[in-house]
Amino acid sequence: MHLANKGRALDIVSDAVDEVNKLKGQVVARWTEESKFDTEKDKQSFRKYEEACDQVKNFYREQHEKQTVEFNVRVRAEFKRTVHARMGIWEAMEKLDTLVDDSDPDTSLSQIEHLLQTAEAIRRDGKPEWMQVAGLVHDLGKLLYFFGSEGQWDVVGDTFVVGCKFSEKIIYPDTFANNPDSTDPVYSTTYGVYSPHCGLENVMLSWGHDEYLYHVLKKQSSLPMDALYMIRYHSFYPWHREGAYSHLTNAEDKRALVAVRAFNPYDLYSKSDEPVNVEKVKPYYQSLIAKYFPDVIEW
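Because the structure is predicted, anything quoted here is derived from the model rather than measured.

What counts, and at which threshold
- Residues numbered from 1 in each chain as written.
- Predicted model: local features only at pLDDT ≥ 70, side-chain atom pairs only at ≥ 80, totals over all residues.
- Heavy atoms only, no water.
- Axes fitted to C-alpha atoms, helices over the stretch in contact; angles between N-to-C directions.
- Helix = DSSP H or I, 4+ residues; strand = E, 2+ residues; numbered from the N terminus.
- Parallel < 35°, antiparallel > 145°, perpendicular 65-115°, else oblique.
- Left-handed = near helix turned anticlockwise from the far one by under 90°.
- Contact = heavy atoms within 4.5 Å.
- Nonpolar A, V, L, I, M, F, W, Y, C, P; charged D, E, K, R; others polar.
- Polar contact = N/O pair within 3.5 Å; in protein donor to acceptor, adjacent residues only side chain to side chain.
- Core = buried A, V, L, I, M, F, W, Y, C linked by side-chain atoms within 4.5 Å.
- Buried < 20%, exposed > 50% of the residue type's maximum accessible area, 1.4 Å probe, protein only.

Caption draft 1: Spatial organisation of the packing of helix α6 (residues 129-137) against helix α10 (residues 251-269). Running from N to C, α6 and α10 point in directions that differ by 50°, and their axes come no closer than 11 Å. Accordingly, the angle class assigned to the pair α6 and α10 is oblique. Here the hand of the crossing between α6 and α10 comes out right-handed. Side by side, α6 and α10 meet where M131, A134 and G135 of the first sit next to A262, F263 and Y266 of the second. Here the contact of α6 with α10 is built from residues that sort into five nonpolar, one polar and no charged.

Structural data, given as structure tokens:
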């Protein structure tokens, strides 16, 4: 009888483990599924840079002229030796709320509204908490604007690889003509300073909020790697949308590409949603923040 009871107990435990594993499998599959919140949206009305206002076009001209290898090496050295502020995630969101992104043709909403729109769209589609958190924080790197940036050109906008030939897949590619790297005998070549399929981890992307936040959070959060990929590459449109830089990517970047493409609709197409009631959702997101971040982060 004793052995029979132990056998039944073992079966119960085994069944419970199997059920957990099935649930885990469902979660992993679910976050990579196509977004549902945007099925009725006119996706052709987003990122229409050919119709963008002069402010957007002038922004990209300045960005493309000034994002050089020399600048990127210097600013990364400054990042490593400087702590600009110490504050928690929600405080950082509130500080960012005064910034309107000059590079974005799709919205003039405040940053906290965009962050909450993104997170709420992910939440409505039933994606896991860590992905909701990625949506909530993905643009917090724009705090750079308040930390001594040289303008918005080194904070926002699409990102691209520096140190090799500027891709024709970058928006407004002709505006790189006045960037000195475009005529450099090394930086203007296909591979530049890189080797074939060296991997994106080993290239320099143009400095801005994506790259900055990735380096801040990879050591100060418990977010999974897929969330960090979403944060680091969400503005890297020449790669994740246009297919550029395949000569530099490696096998690990294929995993990153899946993550970024799963995230991108929530970042891009939630911009037309109604503003979120901040006070209503604040307790929910503060509870998620507590799961993945320390109380204070060094920025």
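Caption draft 2: Local environment of the side chain of R232. Among the secondary structure elements, R232 is positioned in helix α8 (residues 225-233). A polar atom in the side chain of R232 sits 2.8 Å from the side chain of E201. Apart from the residues lying within four places of it in its own chain, the contact partners of R232 are E201, D210, E211, Y214 and H215.

Caption draft 3: Expanded view of the nonpolar core. Core analysis: the largest hydrophobic core is formed by 87 residues, its most contacted members being L140, L217, F293 and W299. The leading source of residues in this core is α10, at nine residues.

Caption draft 4: Quick look at the packing of helix α5 (residues 111-124) against α10. Running from amino to carboxyl end, α5 crosses α10 at an angle of 130°, the nearest separation of the two axes being 8 Å. By the angle class used here, α5 and α10 are oblique. The two elements α5 and α10 meet at a crossing, and its hand is right-handed. Between α5 and α10, the contacting residues are H114, T118, A121 and I122 on the first element and F263, Y266 and D267 on the second. For the contact of α5 with α10, the residue count by class is four nonpolar, two polar and one charged.

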